[in-house]
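Residue-level listing of the chains:
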Amino acid sequence: MESLLKQELGSVLIKQAGHSGGGCISQGQSYDTDKGRVFVKINHKSEARRMFLGEMASLEAILQTETVIAPKPIKVIDQPAGGAVLVMEHLDMKGLSRQSSKLGEQLADLHLHNQRLRDKMTKESGKVGKGAGQADVQFIDKFGFHIVTCCGYLPMVNDWQDDWVTFYARQRIQTQLDLLEKSSGDREARELWSQLQLKIPALFDGVDVVPALLHGDLWGGNVAEVDSGPVIFDPASFYGHSEFELAIAGMFGGFGGSFYSAYHNKIPKAPGFEKRLKLYQLFHYLNHWNHFGSGYRGSSLSIMRSLVK
């Protein structure tokens, strides 16, 4: 690994640092280089390059908003024996505690960033000429992303859509159920989904969904803090409904009341929020079912049953 990194990063010195980590998808290791410390994510799967290119694009998009700290990505490198690595800035992170409330504020700012661009564009549409840097970040008026991103190791369909309900039903839930159909052909899931599809539009009556840049996989294991503020990492970004972000956050814990209070102070809950949150959690339970097996079947079907009542 050291020789590969030397060659690809143009570094003279590469030495393993003491920091390592990883989850159920990839492993990670820090290295000291003559250009500073970097963190390297390693994955040996054939899909690793696609996965890391999506993560790199997600980090770049988040950093471009200047709303919340995320590690700066440096390069995706193919491994000679298969798989790939993602090299990024090393951040000396610790568990989220003092910065929980600030994370709620900054996550809301991330979600509001695109809407604020729209408002600014509308306000300035009557003015002649553009100010410095105004063309750098454009308002996105559709749902999706410019590249495939992966939630876990499974790719998400990010083709651009004008309508959020269509995007979510087809490109999030339907794609997960298609994968389950191939692996297990679960009849009850199929029947419940045919009923639920008809009820989804009513859950969005009176709700104006403005595309928001999302982290996409914001559970407690993907947040931390440094001395200067909260950090988010391991994103699976796309432009979607801001409420989607809070689904997995509530499934596996790690976020206290101060986080939610600060977030909803900036983005108040819209009518029907709780039911839509269940709909958004359905994606993550199905995704876990596809990743880790039928232990997540019960939760997936339970949500579908509650929503079709």
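Here the structure is a predicted model, which means the values were calculated and not measured.

Scanning the protein for helices and strands turns up nine helices and 11 strands. Its C-alpha atoms give the protein a radius of gyration of 20 Å, near enough to 19 Å, the size a compact globule of 309 residues would have. For the C-alpha atoms alone, the extent of the protein along its principal axes is close to 65 × 55 × 35 Å. Long-range pairs, those at least 24 residues apart, make up 65% of the contacts in the protein with a sequence separation of at least 6.

Here we come to unusual backbone geometry. The backbone of Glu66 shows a phi angle near 55 degrees, a positive value even though the residue is not glycine. Following the sequence through the fold, Glu66 ends up in the loop between helix H2 (48–65) and strand E4 (73–78). Unlike most non-glycine residues, Asp234 shows phi in positive territory, near 50 degrees. Mapped onto the secondary structure, Asp234 falls in the loop between strand E10 (229–232) and strand E11 (238–240). Under the relative-accessibility criterion, Asp234 is labelled partly exposed at 26%.

When we look at burial in helix H7 (residues 257–266), the residues that qualify are Phe259, Ala262, Tyr263 and His264. Residues of H7 that are buried make contact with helix H3 (100–124), helix H6 (245–251) and helix H8 (273–292).

Right, let's talk about the packing of helix H4 (residues 164–183) against H8 for a bit. Put simply, H4 and H8 touch, their axes get as near as 10 Å, and they point 25 degrees apart. The angle between H4 and H8 falls in the class roughly parallel. Of the two elements, H4 crosses H8, and the hand of that crossing is left-handed. Counting all contacts with H4, which are made through Trp164, Tyr168, Arg172, Ile173, Gln176, Leu177, Leu179, Leu180 and Ser183, the residues of H8 involved are Leu279, Tyr280, Leu282, Phe283, Leu286, Asn287, Trp289 and Asn290. In terms of residue class, the contact of H4 with H8 is built from 12 nonpolar, four polar and one charged.

Formed by 66 residues in total, the largest nonpolar core has its most connected members in Trp164, Leu196, Phe204 and Ile232. Excluding its chain neighbours within four sequence positions, the residues that come into contact with Ile232 are Ile62, Val68, Ile69, Ala70, Pro71, Leu103, Leu110, His215, Leu218, Asn222 and Val223. Counting residues in each nonpolar core, the second largest holds 11 residues, with Leu9, Ile42, Ile77 and Val87 among its members.

We now examine the pattern of salt bridges. Scanning the model with the defined rule gives 17 salt bridges in all. Ionic pairing is found between Asp32 and Arg37, a salt bridge with its closest N-O pair at 2.7 Å. For Asp119, the salt bridge identified is with Arg118, shortest N-O distance 3.4 Å. Residues joined by salt bridges that share partners form a network here, namely Asp186, Glu188, Arg297 and Arg305.

Let us look at the side chain of Ser11. Residue placement: Ser11 occurs in the loop between helix H1 (2–9) and strand E1 (14–22). You can call Ser11 buried: its relative accessible area is 8%.

A few words on H2. Between the first and last C-alpha of H2 there are 26 Å, a value that for 18 residues agrees with the 26 Å anticipated at 1.5 Å per step. Buried within H2 are the following residues: Ala48, Met51, Phe52, Gly54, Glu55, Met56, Ala57, Ser58, Leu59, Ala61, Ile62 and Thr65.

With respect to the secondary-structure elements, Gln171 resides in helix H4. Within the local environment of Gln171, its side chain forms a polar contact with the side chain of Gln161, the two groups lying 2.9 Å apart. In this structure, Gln171 is in contact with Val157, Asn158, Asp159, Gln161 and Thr166, ignoring residues within four places of it in sequence.

This paragraph deals with the confidence of the model for the protein. Reading predicted coordinates in detail is not appropriate for stretches of low pLDDT. Summary statistics for the protein give a mean pLDDT of 94 and a share of 95% for residues scoring 70 or more. Of the regions scoring below 50 in pLDDT, residues 130–135 engages in four contacts with residues more than four places distant in sequence or in other chains.

Right, let's get into the packing of aromatic side chains. Applying the stated criterion across every chain yields a total of 17 aromatic pairs. With centroids separated by 5.0 Å and ring planes inclined at 85 degrees, the aromatic side chains of Tyr168 and Tyr280 adopt a geometry described as edge-to-face. Taken together, the residues span a long stretch of sequence, with Tyr168 in helix H4 and Tyr280 in helix H8 at a distance of 112 residues. For the pair Tyr168 and Tyr280, a shared accessibility class is recorded, and that class is buried. The rings of Phe143, Trp164, Phe167, Tyr168, Phe204, Phe238, Phe244, Tyr280 and Phe283 are connected pair by pair, giving a single aromatic cluster.

Take a positive patch on the surface next. Taken together, the side chains of Lys199, Lys275, Lys278 and Lys309 present a region of like positive charge at the surface. With respect to the helices, strands and loops of the structure, Lys199 is situated in helix H5 (residues 187–199).

Turning our eyes to something else, we now look at the environment of Leu279. In this fold, Leu279 is placed in helix H8. Placed 63 residues apart in sequence, Leu279 and Gly216 show a C-alpha to C-alpha distance of 15 Å. Sequence-distant contacts of Leu279, that is, excluding residues within four places in its chain, are made with Tyr168, Ile173, Leu196, Ile200, Leu203, Phe204 and Leu307.

Cut-offs applied
- Residues numbered from 1 in each chain as written.
- Predicted model: local features only at pLDDT ≥ 70, side-chain atom pairs only at ≥ 80, totals over all residues.
- Heavy atoms only, no water.
- Helix = DSSP H or I, 4+ residues; strand = E, 2+ residues; numbered from the N terminus.
- Rg over C-alpha atoms; globule rule 2.2 N^0.38 Å.
- Contact = heavy atoms within 4.5 Å.
- Buried < 20%, exposed > 50% of the residue type's maximum accessible area, 1.4 Å probe, protein only.
- Axes fitted to C-alpha atoms, helices over the stretch in contact; angles between N-to-C directions.
- Parallel < 35°, antiparallel > 145°, perpendicular 65-115°, else oblique.
- Left-handed = near helix turned anticlockwise from the far one by under 90°.
- Nonpolar A, V, L, I, M, F, W, Y, C, P; charged D, E, K, R; others polar.
- Core = buried A, V, L, I, M, F, W, Y, C linked by side-chain atoms within 4.5 Å.
- Salt bridge = Lys/Arg side-chain N within 4 Å of Asp/Glu carboxyl O.
- Expected span 1.5 Å × (residues − 1).
- Polar contact = N/O pair within 3.5 Å; in protein donor to acceptor, adjacent residues only side chain to side chain.
- pLDDT = per-residue confidence, 0-100.
- Phe/Tyr/Trp six-rings, centres within 6.5 Å; stacked < 30°, edge-to-face > 60°.
- Patch = residues over 30% accessible without salt bridge, like charges linked within 9 Å, V, L, I, M, F, W, Y side chains within 5 Å.
- Areas by Shrake-Rupley, 256 points an atom, 1.4 Å probe, with all protein chains shown as cover.
- Lys, Arg positive; Asp, Glu negative; His and termini not counted.
- Charge placed at Lys NZ, Arg CZ, Asp CG, Glu CD.

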